[in-house]
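Understanding the architecture of this molecule
Chain by chain, the residues:
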Amino acid sequence: MNFLEERIIKDGVVKEGNVLKVDSFLNHQMDIKLLDEMGAEFKRRFAKKPINKILTIESSGIGIACVAAQHFDVPVVFAKKSQSINLDGDMYVAEVESFTHKCRNHVIVAQRFLTPEDRVLIIDDFLANGCALQGLIQIVQSSGAIVEGIGIAIEKGFQSGGRIIRNLGFQLESLAIVDGMDAATGHIQFRDQSKMQENVFVSEDENICRSSTLD
Ligand code: G4P
């Protein structure tokens with residue numbers, strides 16, 4: 001078990017509906033030493049990639065991305081989920097439809113912060129269905145920048161996001177992959193990442209995200 005899996009076992013709480021609460025150390029209260037260890041591990045896994053920018057999405061990705069950025073010595077850009085009065089100039093906007101939440105969200109990044117010279121590492125806390133993540137990928141691609149990799153703290157391996165992203169050919173590194181959990185016993189099953197298969201088949205129907213970029 002790696003350091004993040006151990007921490008999830010120690011302080012994570014399994015809730016009904018396949019929800020893993022990690023708010024005591026990851027996405028509400030944040031253990032900065034743990035985030036620092038995660039940043040070092042992302043740096044190790046993406047050591048060969050010429051990353052010059054980290055992109056994340058508000059809100060919970062921001063802390064993880066900022067601590068990781070110190071290991072890469074690069075700036076962080078975070079995508080906004082709604083239009084704010086502080087956003088000005090031209091924007092990249094992806095419209096993301098979340099089947100889980102039955103709603104449409106906008107993922108927005110100012111065009112001046114993503115350019116064709118950028119080699120981007122996308123970082124987020126959770127990957128489940130990955131609709132917002134697919135929106136982020138579209139935005140990077142619209143800007144002419146390159147997605148060098150995707151770093152996730154916790155992937156829910158029984159939802160389709162991870163398989164879809166890997167099948168698209170991206171280097172997706174999740175520090176912990178939960179393959180199952182039981183709210184009654186609190187048991188959490190992690191994937192043995194040494195036995196990861198590449199390109200597991202995913203049918204079109206499994207991608208429940210519908211996303212498009214807006215002009
Ligand atoms: P999607 O809507 O883009 O497809 O995203 P996804 O299914 O991957 O997850 C939707 C939201 O729910 C995300 O947060 C994600 O972090 C969170 N989430 C999914 N599964 C779990 C879980 O088991 N535990 C916890 N704690 N969170 C989970 P978000 O709505 O973007 O919120 P935030 O980043 O502002 O916190």
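Let me begin by describing the structure that accompanies this report. Here the structure is a predicted model, which is why all the values come from computation and not from measurement. (Residues numbered from 1 in each chain as written. Predicted model: local features only at pLDDT ≥ 70, side-chain atom pairs only at ≥ 80, totals over all residues. Heavy atoms only, no water.)

Moving on, we get to the pattern of salt bridges. Applying the stated criterion across every chain, the model contains eleven salt bridges. Lysine 10 is the partner of aspartate 11 in a salt bridge, and the nearest nitrogen-oxygen pair spans 3.4 Å. Of the residues examined, aspartate 11 reaches a relative accessible area of 22% and is grouped as partly exposed. Lysine 10 gets classed as exposed once you look at its relative accessible area, which sits at 62%. In this structure, the salt-bridge partner of glutamate 173 is arginine 45, at a minimum N-O distance of 3.0 Å. One end of the pair, glutamate 173, is in strand β9 (residues 172-181); the other, arginine 45, is in helix α2 (residues 32-45), and 128 residues separate them in sequence. Look at glutamate 173 and you get buried, because its relative accessible area is 18%. One network of salt bridges, with partners in common, ties together Arg7, Lys10, Asp11 and Asp31. (Salt bridge = Lys/Arg side-chain N within 4 Å of Asp/Glu carboxyl O. Buried < 20%, exposed > 50% of the residue type's maximum accessible area, 1.4 Å probe, protein only. Helix = DSSP H or I, 4+ residues; strand = E, 2+ residues; numbered from the N terminus.)

It is worth spelling out the state of the cysteines at this point. All chains considered together, the criterion is met by zero disulfides. No disulfide involves cysteine 103; its nearest neighbouring cysteine sulfur is the one of cysteine 131, lying 9.5 Å away. (Disulfide = S-S within 2.5 Å.)

The strand order across the open sheet built from six strands is β4-β3-β7-β8-β9-β10, with neighbouring strands paired in mixed fashion. The sheet is open, and its two edges are formed by β4 (76-79) and β10 (188-190), each paired on a single side. On average, each strand axis in the sheet is tilted by 25 degrees relative to the strand beside it, whichever way the strands run. Against the sheet, α2 contacts β7 (119-127), β8 (146-156) and β9, and its axis sits at roughly 115 degrees relative to β9. This element, helix α3 (residues 61-72), spans β3 (53-57), β4, β7 and β8 of the sheet and lies at about 170 degrees to β3. (Pairing = 2+ DSSP bridges. Axes fitted to C-alpha atoms, helices over the stretch in contact; angles between N-to-C directions. Contact = heavy atoms within 4.5 Å.)

The subject of this paragraph is the nonpolar core. Nonpolar side chains in soluble globular proteins tend to end up buried together. Core analysis: the biggest nonpolar cluster contains 32 residues, and Leu4, Ile8, Leu20, Leu26, Met38, Ile54 and Ile154 have the highest contact counts within it. Elements with a minimum of two residues in this core: α1 (3-11), α2, α3, β7, β8, β9 and β10. When residues in this core are grouped by element, the largest group, six residues, is from α3. Dropping the residues within four chain positions of it, isoleucine 8 is found in contact with Leu20, Phe25, Ile154, Ala176, Ile188 and Phe190. Formed by 27 residues, the second largest nonpolar core is a distinct cluster that contains Val109, Val147, Ile152 and Leu172. (Core = buried A, V, L, I, M, F, W, Y, C linked by side-chain atoms within 4.5 Å.)

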